[in-house]
Amino acid sequence: MDLGDKVAIVTGAARGIGYACAERFAREGARVMLADIDEAAGTEAASVIREAGGNAQFVACDVSDRLDVHNLVAATIEAHDRVDVLINNAAIVHAADFLDLTEHDFERVMKVNLTGAFITGQAVAREMRRQFDEDQRQGVIINMSSVNAQVAFPDQVPYVVSKGGLNQLTRGMAVSLAKYGIRVNAIGPGSVSTGMLRAVNADDAGRARLESRTPMGRVGSPDEVAGVAVFLASDDASYITGECIYVDGGRLALNQTVDGQYRACT
């Protein structure tokens, strides 16, 4: 899909799904602004994309800080005169049993995963509205949700709450911003091979559990998620807004586990 006329911001872009989206968008011809709190990793990620022939720059940004987000959007406009696509991907996790979870840690996760998506989405949408008023240029916002918006883990309460809220934020943004030519959708990855997933499933038994709850019998790749993001950002998705597309190998459709031969087991 040709994204050659697009300018895209990707948050949480230093690694994992965010990096895969940034790299894929650049490969499809977009000019990409990578944003992350990890300045060293983000700078390196943008450099790798440029060395492969892509157009990429990095801006250090904490999405929960409104001034950082303002500076990110301003840097994008200064470099490219506009912004066409935002991928709200930045997220953190905090593992704790519900009875041991502190208010501070709950709010810390929510501030990045949900409030950060709101702050960044609002700042970018205001710029997209200006562009629409000036020349009818339409915009796209993609929020990175999760299957955990629908299912829960006992030791990941802040994360699952933030992703459930993100789905509702997506719907609210979609109906509010449609009149400005802005489409807003979400992507809900299942088990995808990222550092975050490896951190909570570090051993063979953990990986076996992941595969057992996925009908396709494997963990997904970040590039498989990035491919859906490219579709949603393209004109081929011009009549899709307010949706969450789950990239989960069939996980949400399964009410059992599966064995290594892809047969359902009770």
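Rules of the game
- Residues numbered from 1 in each chain as written.
- Predicted model: local features only at pLDDT ≥ 70, side-chain atom pairs only at ≥ 80, totals over all residues.
- Heavy atoms only, no water.
- Helix = DSSP H or I, 4+ residues; strand = E, 2+ residues; numbered from the N terminus.
- Contact = heavy atoms within 4.5 Å.
- Disulfide = S-S within 2.5 Å.
- Buried < 20%, exposed > 50% of the residue type's maximum accessible area, 1.4 Å probe, protein only.
- Arc of directions from axis to C-beta.
- Axes fitted to C-alpha atoms, helices over the stretch in contact; angles between N-to-C directions.
- Parallel < 35°, antiparallel > 145°, perpendicular 65-115°, else oblique.
- Left-handed = near helix turned anticlockwise from the far one by under 90°.
- Polar contact = N/O pair within 3.5 Å; in protein donor to acceptor, adjacent residues only side chain to side chain.
- pLDDT = per-residue confidence, 0-100.
- Salt bridge = Lys/Arg side-chain N within 4 Å of Asp/Glu carboxyl O.
- Core = buried A, V, L, I, M, F, W, Y, C linked by side-chain atoms within 4.5 Å.

A. Layout of the environment of Thr120. Among the secondary structure elements, Thr120 is positioned in helix α4 (residues 103–135). In the structure, Thr120 is positioned 32 residues away from Asn88 in sequence and 7.5 Å away in space, judged by C-alpha atoms. Once residues within four sequence positions are removed from consideration, Thr120 is found in contact with Thr11, Val63, Val69, Leu86 and Asn88.

B. Expanded view of the state of the cysteines. What the rule picks out here adds up to zero disulfides. In this structure Cys21 is not part of a disulfide, and its nearest cysteine sulfur, from Cys244, lies 13 Å away. Using a relative accessible area of 0% as the deciding quantity, one classes Cys21 as buried. Take Cys61: it sits in no disulfide, and the sulfur closest to it among the cysteines is that of Cys21, at 17 Å.

C. Geometry of helix α7 (residues 204–212). Listed as buried for α7 are Gly206, Leu210 and Ser212. Across the axial projection of α7, the buried residues extend over an arc of 165°, all falling on one side.

D. Inspection of the packing of α4 against helix α5 (residues 157–177) at higher detail. With their axes 8 Å apart at the nearest point, α4 and α5 run at an angle of 15° to one another. Between α4 and α5, the interaxial angle falls into the category roughly parallel. The crossing of α4 and α5 is right-handed. Residues Phe106, Val109, Met110, Asn113, Leu114, Ala117, Phe118, Gly121 and Ala125 of α4 lie in contact with α5, whose contacting residues are Val157, Pro158, Tyr159, Val161, Ser162, Gly165, Leu166, Leu169, Met173 and Leu177.

E. The environment of Gln150, seen in detail. Residue placement: Gln150 occurs in the loop between β5 (139–144) and α5. Residues Gln150 and Gly164 lie 14 residues apart in sequence; the distance between their C-alpha atoms is 6.9 Å. Each residue touching Gln150, except ones within four places of it in the same chain, is listed here: Asn167, Tyr246 and Leu252. Here the side chain of Gln150 touches Tyr246 through a polar contact of 3.1 Å, side chain to side chain.

F. Spatial organisation of unusual backbone geometry. Phi at Asp81 is positive, roughly 75°, even though this residue is not glycine. Within the element layout of this structure, Asp81 appears in the loop between α3 (66–80) and β4 (85–88). Despite not being glycine, Gln136 has its phi angle at roughly 65°, a positive value. Within the secondary structure, Gln136 sits in the loop between α4 and β5.

G. How the structure looks around the confidence of the model for the protein. Here the protein shows a mean pLDDT of 93. Residues at 70 or above account for 94%. The low-confidence segment residues 262–266 (pLDDT under 50) makes 13 contacts with residues lying over four places distant or belonging to another chain.

H. The arrangement of the pattern of salt bridges in detail. Applying the stated rule across the entire model yields 13 salt bridges. The salt bridge partner of Arg130 is Glu127, with a shortest N-O separation of 2.1 Å. Here Glu127 and Arg130 lie together in helix α4, a separation of three residues that amounts to about one turn. When the shortest N-O distance is used, the salt bridge between Arg130 and Glu134 registers 2.8 Å. With Arg130 and Glu134 both in helix α4 and four residues apart, this pair spans about one turn of that helix. Taking the relative accessible area as the measure of exposure, Arg130 reaches 30% and is therefore partly exposed.

I. Region of the structure containing the nonpolar core. If you look at the biggest cluster of nonpolar residues, it comprises 34 residues, and the most contacted ones within it are Cys21, Phe25, Val32, Leu34, Ile87, Ile142 and Ile187. Elements that contribute at least two residues to this core include exactly β1 (7–11), α1 (16–27), β2 (31–36), α2 (39–51), β3 (55–60), β4, β5 and α8 (222–233). Here the element with the most residues in this core is α8; it accounts for seven residues. In this structure Phe25 touches Leu3, Ala8, Ala30, Val32, Val85, Ile87, Ala229, Val230 and Ala233, once residues within four positions along its chain are discounted. Grouped together as the second largest cluster of nonpolar side chains are 28 residues, Val69, Ile119, Met173 and Leu177 included.

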